[in-house]
Amino acid sequence: MPPRSFLPEVLGLFYATFDPSLGPTVQYQVPENLVANSKTQESRSRSQSRSPSRSRASQFTSPSTSPPPDGRDKALLNFSPISDYVIPKKSLHGRLVTILTTGYEDGEPVEYRIMGFPNMMTAPEGTYTRNEYMWNLCFVFHAASSLEAFEPIRDSAYLSKPSSKHTTLPAVLEQLFEDLNSYSETSIPLDGFNSLELKLFPFYPNPPDCEDWHVPIALVDLNQHKDDNWDITAARVSEFIDGVNHVRKIAQLADADEALTRETLRHLLFYQVVMMVSTIPL
């Protein structure tokens, strides 16, 4: 499992909606062949089998006997088993939903985690079919990924209203995919007045307790990062972190309270600018 302090890799994104005829369906996805939209294909097959122009014998042909769509075998995920959770019942709308599912990579089963925020808009009669528009923008990760940094992300009603004056949704998804993986942030102009601004911050776990016999080792040049805004205790303590002095000795040399010294070192551990090694207890 990768360290929890690092941002997880985004394997892909897909935008799904509820089609009045086909049910939940994937409209756009990045990269291609991320999701096999088999449910849509099967729904179309059933719709065609009910067409009056088809023979009576063909009406009872099972959709599963039809050949799979091109690229289906190469897709990481099959949409059919997860479609009811991507576009769920109304009780889950407006809530963060995480799905653990199994896909295939190079013919081997692999677990993936999908995170989305299903939404629904209602409008006066005639605006939408059934007067509702349901959609979800989903992120795909490896199952072991820590997703705390992504949980505040929300999609907006802008995504459901394509316009020639707006940046196209496939272009938005592609830039999200590239920028979040490369820079952990993105700025996407949506039209002449609005833009989508996202920045991911890594999730740092709580640091362990510091004991008097622990020896801090600086991982960066602390003096180079020091400025006038530093806490007084932190400024004093950092001067005596040399990879030799233990916590109690650092407190004595810095003329600082031992409890405050331990707390300061825990802050430095939190931001991963020092590491601790243990010596024989005093």
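This text follows the structure it describes.
Residues numbered from 1 in each chain as written. Predicted model: local features only at pLDDT ≥ 70, side-chain atom pairs only at ≥ 80, totals over all residues. Heavy atoms only, no water.

Engineer: For this particular structure, what's the right way to read the pairing of strand β9 (residues 185–189)?
Structural biologist: Each regular strand displays side chains that alternate between the two surfaces of the sheet. Residue alternation in β9 divides its side chains into a buried set, T186 and I188, and an unburied set, E185, S187 and P189. Hairpin geometry of β9 and strand β10 (residues 195–199) is characterised by an intervening segment of five residues between the two adjacent antiparallel strands. (Buried < 20%, exposed > 50% of the residue type's maximum accessible area, 1.4 Å probe, protein only. Helix = DSSP H or I, 4+ residues; strand = E, 2+ residues; numbered from the N terminus. Pairing = 2+ DSSP bridges.)

Engineer: It is not clear to me how the environment of D209 should be interpreted in this structure. Could you clarify?
Structural biologist: One can find D209 in the loop between β10 and β11 (214–218). Expressed as a C-alpha distance, the spacing of D209 and R262, which sit 53 residues apart in the sequence, is 7.9 Å. Among residues more than four places away in sequence, those in contact with D209 are H214 and R266. (Contact = heavy atoms within 4.5 Å.)

Engineer: Help me out: how do you make sense of unusual backbone geometry in this one?
Structural biologist: Glycine aside, the phi torsion of most residues is negative, and most peptide linkages are trans. Of note, the bond from V30 into P31 is cis; its omega dihedral lies within 30 degrees of zero at -5°. Its location among the elements puts P31 in the loop between β2 (23–30) and β3 (35–36). Of note in this structure, S184 is not a glycine but carries a positive phi near 60°. The topology assignment puts S184 in the loop between α3 (169–182) and β9. Taking the relative accessible area as the measure of exposure, S184 reaches 18% and is therefore buried. Residue Q272 is not a glycine yet carries a positive backbone phi of 60°. Positionally, Q272 belongs in the loop between α7 (258–270) and β12 (274–278).

Engineer: How do you make sense of α3 when you look at a structure like this?
Structural biologist: Every α-helix winds through 3.6 residues per turn, so residues three or four apart in the chain are directed the same way. For α3, which comprises 14 residues, the first-to-last C-alpha distance of 20 Å matches the rise-based estimate of 20 Å (1.5 Å per residue) to within 8%. The secondary structure elements touched by the buried residues of α3 are β1 (12–19), β2, β8 (132–142), β9 and β10. Note on α3: the residue one or two positions beyond its end, S184, has a positive phi of about 60°. (Expected span 1.5 Å × (residues − 1).)

Engineer: What am I meant to see in the pattern of salt bridges here?
Structural biologist: Under the defined criterion, the tally for this structure stands at eight salt bridges. Taking the shortest distance from any N to any O, the salt bridge between K90 and E132 comes out at 2.8 Å. Of this pair, K90 sits in the loop between α2 (83–86) and β5 (97–105) while E132 sits in strand β8, and the two are 42 residues apart along the sequence. A relative accessible area of 51% means that K90 is categorised as exposed. (Salt bridge = Lys/Arg side-chain N within 4 Å of Asp/Glu carboxyl O.)

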